[in-house]
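Notes for the structure review
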Amino acid sequence: MTRWQPLPDALPREARHLVEQLRTLKDRTGLSLAELARRTAYSKSSWQRYLSGAKQPPRGAVQALCRVAGTDQARLLAVWELADPTWPRGATGPAGQAVDLAAPPPGAEYRRWRAAALVSFAVIVVLLAGLLWALPTWSG
């Protein structure tokens, strides 16, 4: 059985309960995280984050663990449904500072504008080339 680190204090009760249930189910399988990763579509590092409470496990990961463990998914998915709205949505950055995931990264607005300008230019070039090709050539 794995000796688990304590869950983060900031983790809401419902999310904590989900992680505890996932840990119990993972321990019951007797699989290492590497073996669990090989049997599911989720990496070892993803399972580490899910089982440490650092990241919310996706619904598919819960289903995959239930499938590997050979247990009914309904009960654990109900726990996931209860935990989903309570899970902390932000991430922590350097020195534990909260990072606003909704804020675009610096320079994103310029990159969007530049991409839109390049696409517009390409469309104009294609339209002009089509127009020149379609016009009859005048000889003489």
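Note that the structure is predicted; figures quoted are calculated from it, not measured.

Looking at helix α5 (residues 73–83)
Taken as a whole, α5 has its buried residues at Leu76, Leu77, Val79, Trp80 and Ala83. In an axial view of α5, the angular spread of the buried residues amounts to 155°, which keeps them on one side of the axis. With respect to the buried face of α5, the exposed residues turned more than 90 degrees away are Arg75 and Leu82.

Concerning the pattern of salt bridges
According to the stated counting rule, one finds 4 salt bridges in the structure shown. A salt bridge links Glu14 to Arg13; the nearest nitrogen and oxygen atoms lie 3.3 Å apart. On the basis of relative accessible area, Arg13 is assigned to the exposed category, the value being 66%. With a shortest N-O distance of 2.5 Å, Arg59 and Glu81 are connected by a salt bridge. Of this pair, Arg59 sits in helix α4 (residues 59–69) while Glu81 sits in helix α5, and the two are 22 residues apart along the sequence.

Description of the UniProt feature "transmembrane region" (unreviewed entry) in the protein
Annotation from UniProt places "transmembrane region" (unreviewed entry) at residues 115–135. The distance from the first to the last C-alpha atom of residues 115–135 is 30 Å, and the span holds 95% helix and 0% strand.

Here's the deal with helix α3 (residues 44–52)
Among all positions of α3, only Ser46, Trp47, Tyr50 and Leu51 are buried. Down the axis, α3 shows its buried residues gathered within 120° of arc, on one side only. Looking at the buried residues of α3, the elements they touch are α1 (13–29), α2 (33–39) and α4. Gly53 sits one or two positions beyond α3 and adopts a positive phi of about 85°.

Rules used throughout
- Residues numbered from 1 in each chain as written.
- Predicted model: local features only at pLDDT ≥ 70, side-chain atom pairs only at ≥ 80, totals over all residues.
- Heavy atoms only, no water.
- Buried < 20%, exposed > 50% of the residue type's maximum accessible area, 1.4 Å probe, protein only.
- Helix = DSSP H or I, 4+ residues; strand = E, 2+ residues; numbered from the N terminus.
- Arc of directions from axis to C-beta.
- Salt bridge = Lys/Arg side-chain N within 4 Å of Asp/Glu carboxyl O.
- UniProt positions renumbered as here; feature names shortened; annotations may be inferred.
- Contact = heavy atoms within 4.5 Å.

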